[in-house]
Amino acid sequence: MVYIEQVERSRRFRLALRMGLPIFFLTIIAFFSLLNEESIVSFISFSLILLGVIVYFIFYLIYQSSRETITDPVTHTFTQEYFLSLLKNQKGVKTLLMISLENLWSINERYGVKNGDGALHNIVKKLDQFFREKGFDKLPISRYKGGDFLLFLPGEKDQYLSLLELFLTKYQNHVDNEIEIRLEAVMIDSRLSDDIELLISRLYELHNDRITTEKEDFYSINELENEIVEALEKKEISIGFWPVCCDDYPVFNTTVKLIDSKGRFIHQSRYIPVLNRLYKMRHLESEVLERIGGLCTEQNRNFILTISSVTLRNPHFFEQAVTLFERYPLARHKITLMFEEKEYCHQLERFAQLIAHYRKAGYKIAMDRLGGLQTTLLYLKELEIDIVRFDPLYTRHIKEAGYQNLLQGLNLSAHLCGAKTWMPMIEDGYTDNLAKSLKINYREGNYLGKILTVDQL
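Quick look at the structure, then. (Residues numbered from 1 in each chain as written. Predicted model: local features only at pLDDT ≥ 70, side-chain atom pairs only at ≥ 80, totals over all residues. Heavy atoms only, no water.)

This part takes up the pattern of salt bridges. Counted according to the given criterion, the structure contains 25 salt bridges. Measuring nitrogen to oxygen at the nearest pair gives 2.7 Å for the salt bridge that ties R132 to D128. Residue R132 and its partner D128 are located together in helix α5 (residues 113–133), separated by four residues, close to a single helical turn. Given a relative accessible area of 28%, R132 falls into the partly exposed group. On the basis of relative accessibility, which here comes to 5%, the residue D128 falls in the buried class. The shortest N-O distance in the salt bridge between R277 and E225 comes to 3.0 Å. Taken together, the residues R277 in helix α9 (residues 268–277) and E225 in helix α8 (residues 221–233) connect sequence positions 52 residues apart. In this structure R277 comes out as partly exposed when scored by relative accessible area, which is 25%. A single network of salt bridges, built from pairs that share partners, joins E156, D158, D189 and R191. (Salt bridge = Lys/Arg side-chain N within 4 Å of Asp/Glu carboxyl O. Helix = DSSP H or I, 4+ residues; strand = E, 2+ residues; numbered from the N terminus. Buried < 20%, exposed > 50% of the residue type's maximum accessible area, 1.4 Å probe, protein only.)

The next subject is the pairing of strand β12 (residues 387–390). Residues of β12 alternate between two faces, with I387 and R389 on one and V388 and F390 on the opposite face, all of them buried. Looking at chain direction, strand β11 (residues 364–370) and β12 are connected through three bridges and run parallel. Within β12, the residue paired with M367 across the bridge is V388. Of the crossover connections in this fold, the one passing from β11 over helix α14 (residues 374–382) to the parallel β12 is right-handed. As defined by bridge partners, β12 adjoins strand β13 (residues 420–423) across three bridges and the pair is classed as parallel. Pairing of I387 across the sheet is with K420, part of β13. (Pairing = 2+ DSSP bridges. Right-handed = clockwise from strand over helix to strand, strands pointing away.)

Quick look at the structure:
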């Protein structure tokens, strides 16, 4: 029996005692009172009172039992509420871990939900057994959502790094009852923030970035959030320009960083999750678009600006983008909006109409990570796309014949669909020459030019 099941059983036993003992004592008192009474009226009165008390406690017991449920019925782990209460009552620094069953959806799809639930329960058993063997007999585990489990340990995360690596070495990819199990894990400790919800949000950010351990920061999570919001409000934004070689005209790809109160850069991987959580990502992208529009007036240059797909579909951003050319007429046809999307848009017809309106207004539309995300091929055949950028994976493996064949096929497909192609991260002459031989239109990387500031531009 795992630790959580022991806690649940003992809790239910205490609840039964708490409810049953008063009924028992009331019964004894009523019995002795009836023995000392001779009147039938007194007997009936005591009987009715006793019956009312019993009925009240029975209903109270039913209500309180469901109210005080502390375990998830599927995985037999703590509920979110009870787990968070345990975590908040834990004194001192604590380390929060998230273990995720990455392929839960495919397991449910292939083997059925019942077998998927069984896989989740088996993961809990393995977690409990693994940590018991390492000396943690009372390990709190909670199924937070889907295939994500949270657990916490006392102390700083540094002392558990090797333990987490050992767990992943043993269980990251294994087979359980003929089912392939793929686990991922991230960890963080409360030195970054005392707000439990913020810590959990940061865990999900780390998980989405596929980072196994939290990078050290200059600020705690709360301070970092304040720095990001302050930088956005004061418009402390740094834009870098990466030269992109092409066969038509000079083009510059843009990279955006925020500047904190001490003049240090805040990278996209840090500010994007925070701004998304605070619903402020559109504000940053709108400000950057406005600045790029101004540069188009001053410089005879073409710029590529990365915009999130959600912002691209936002009506407020669309209105600003369309009216931008009224303020900066020379910017028309000089700005390319590039987006990336992992999940297929369920309102594709509306999205296609928006893309058409952007292009009609004077923008070019680019799509990132061709060949890396399955949505890119779907969008390529259904949307009007001007430029597609290959996934960096193809550049890193460009010397392998298999990747070259795929690259050649994707490049031809994009051209046939009316889109120009773009290869990023070119670091040597061999890759550059190969890109030229494949007739890839745009090429970018350190080999072709370093990132520039506004003044250098």
